[in-house]
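# Fold and geometry: a report
Chain by chain, the residues run as shown.
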Amino acid sequence: MKQYKIGIIKGDGIGPEIVDEAINVLDAVAARFGFNFEYHEFLLGGAAIDETGVPLPEETLKGVQKVDAVLFGAIGGPKWDNLERHLRPETGLLGLRKAMGTFANLRPAIVYDELVNASTLKPEVVKGVDIMVVRELTGGIYFGKPREYTPNKAYNTMVYTKEEIERIAKVAFEIAQKRSKRVTSVDKANVLEVSQLWREVVEEVSKDYPDVELTHMYVDNAAMQLIRDPKQFDVIVTGNIFGDILSDAASMLSGSIGLLPSASIGSKVGLYEPIHGSAPDIAGQGIANPIATIASAAMMLKYGLNEIEAADTIDRAIKKVLADGYRTKDIAAFDAKEVVSTTEMGSIIANYVAKV
Ligand code: NAD
């Protein structure tokens, strides 16, 4: 029997509710495919502050290095908003990501046929959208030095090394090989030297992937094209700040924040989490949509454990649940046959995993 050690970080707000449902689905996958998942729970964010006084305890930092992959819910909430910056939940998450060394952030933007009306864009524009944004996560302007703030002048620095660009480009080309074999590299090479290097290096790396078609696009145009004609994109690869903005824009094509997963990979252990936050406004009410977290568990199986068939089974179960008209409250307005709670949604998907 295959054994996997899974790190579990439930976090705050709706985190525990949605992660519990993902675990239910993972247990169903384990039963069907003959795996054994051993879960190891770690504290982060507000829950960690309450328990230990700091948002990223040493035990969490050490623990995540000893598992095969980490599934995470979300952190944060008004209770901890007034703490000093270094003690806030978000600081814990940034620290964890940095310590894990996951330099590639994968953000799929998928429009499910059944929810095509949930998008603010016209159905014919978004129907069939299936984009993977590959964002560089540990470099660029968010981390570049020098950086300084004074009341009269402040600055940050956008830096990329050749190695940093090469490794993220490789991730993008390898993912594209398993999809429609098209990569769009997004930069601002007409204005920024750092983008000029980005473009040269991506071009160089592309020679190792002759089966993948590479195009380049300026970030301002990419923002327009994502709204105008999103179906033209397959894999988008870009730097940290451009990817931050474009992946959020792309995620809104689907119209519901509760559906979309993400993966941060590139080091020994990857981090898998929904794109949304801890939704304190609906925490504890049993109405949170667990699908984004369940889809994150599927990404964990695919990119972290290389269990492709198991991952595809979860994705099929999610599609079937939506096709059969089950909806949590956030998507109840779109062709619902039955509105279900967080736990009901998790159980139905887990049941489907055994069958689809
Ligand atoms: P949010 O994503 O938590 O919520 C935005 C809106 O979407 C809310 O109305 C919420 O109810 C709804 N929503 C989010 N997820 C949902 C789900 N699964 N099902 C149904 N509805 C859902 O963003 P926010 O309100 O800006 O932030 C709330 C807290 O989360 C803050 O403390 C913020 O710092 C934190 N946050 C954490 C992460 C993370 O842990 N990765 C990311 C973003 C925000």
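Every value quoted in this text rests on a predicted model; they were computed, and no experiment measured them.

This paragraph deals with the overall build of the protein. Scanning the protein from N- to C-terminus turns up 12 helices and 14 strands. For a compact globule of 356 residues, the expected C-alpha radius of gyration is about 21 Å, and the protein comes in at 20 Å, within 12% of that figure. Projected onto its principal axes, the C-alpha coordinates of the protein cover approximately 50 × 50 × 45 Å. Looking at the protein as a whole, 51% of its 356 residues qualify as buried.

Moving on, we come to the site of the ligand. Among the 21 residues in the neighbourhood of the ligand, the closest are listed as Ile75, Glu90, Gly277, Ala279 and Asp281. In this structure, an oxygen atom belonging to the ligand sits 2.7 Å away from a main-chain N or O atom of Gly277. The contact in question runs from an oxygen atom of the ligand to an N or O atom on the backbone of Ser278, over 3.1 Å. In isolation the ligand offers 810 Å² of accessible surface; the protein chains occlude 68% of this area. Contributing elements (two or more residues each) for the shell around the ligand: β3 (69-74) and α4 (89-100).

To continue, consider the pairing of strand β5 (residues 130-136). Across the seven residues of β5, six count as buried, placing the element largely inside the fold. In terms of strand pairing, strand β4 (residues 104-110) meets β5 through seven bridges, oriented antiparallel. Bridging across to β5, Asn105 finds its partner in Arg135.

This next bit is on the domain arrangement of the protein. The assigned domain composition of the protein is domain 1 (1-111 + 255-356) and domain 2 (120-238). Using only C-alpha atoms to locate each centre, domain 1 and domain 2 end up separated by 25 Å. On the domain 2 side, the residues contacting the 15 residues of domain 1 number 17 residues. Interface area lost by domain 1 to domain 2 is led by Phe103, Asn105 and Val111, which between them contribute 41%.

Overall, the coordinates contain 19 salt bridges when judged by the stated rule. Glu307 is the salt-bridge partner of Lys2, the closest N and O atoms lying 2.7 Å from each other. Of this pair, Lys2 sits in strand β1 (residues 2-11) while Glu307 sits in the loop between α10 (291-304) and α11 (308-323), placing them 305 residues apart in sequence. What makes Lys2 partly exposed here is its relative accessible area of 43%. Overall, Glu307 belongs to the buried group, its relative accessible area being 10%. The residue Glu204 makes a salt bridge to Lys207 at a minimum N-O spacing of 3.3 Å. Overlapping salt bridges bring together Lys10, Asp20 and Glu41 as one network.

Before going further, it helps to spend a moment on the sheet that holds strand β11 (residues 261-265). With mixed pairing, 10 strands are arranged side by side in an open sheet as β2-β1-β3-β12-β11-β4-β5-β10-β8-β9. Bordering the open sheet on either side are β2 (35-41) and β9 (213-218), each of which pairs with just one other strand. Taken pair by pair, the neighbouring strands of this sheet meet at an average axis angle of 25°, ignoring direction. With four bridges joining them, β5 and strand β10 (residues 235-238) adopt parallel strand pairing. Bridge assignment links Val133 to a residue of β10, and that residue is Ile236. Packing of α4 onto the sheet brings it into contact with β1, β3 and β12 (270-274), and relative to β12 it is tilted by some 145°. Lying over the sheet, helix α8 (residues 219-228) contacts β5, β8 (182-187), β9 and β10, oriented at roughly 105° with respect to β9.

Backbone torsion omega between Lys145 and Pro146 reads 5°, so that peptide bond is classified as cis. Notably, Lys181 is not glycine yet its phi reads approximately 60°, a positive angle. You can call Lys181 partly exposed: its relative accessible area is 33%. Phi at Ala279 is positive, roughly 40°, even though this residue is not glycine.

Rules behind the numbers
Residues numbered from 1 in each chain as written. Predicted model: local features only at pLDDT ≥ 70, side-chain atom pairs only at ≥ 80, totals over all residues. Heavy atoms only, no water. Helix = DSSP H or I, 4+ residues; strand = E, 2+ residues; numbered from the N terminus. Rg over C-alpha atoms; globule rule 2.2 N^0.38 Å. Buried < 20%, exposed > 50% of the residue type's maximum accessible area, 1.4 Å probe, protein only. Near = heavy atom within 4 Å. Polar contact = N/O pair within 3.5 Å; in protein donor to acceptor, adjacent residues only side chain to side chain. Areas by Shrake-Rupley, 256 points an atom, 1.4 Å probe, with all protein chains shown as cover. Pairing = 2+ DSSP bridges. Domains from an automatic or database assignment. Contact = heavy atoms within 4.5 Å. Buried area = accessible area lost by both parts, 1.4 Å probe. Salt bridge = Lys/Arg side-chain N within 4 Å of Asp/Glu carboxyl O. Axes fitted to C-alpha atoms, helices over the stretch in contact; angles between N-to-C directions.

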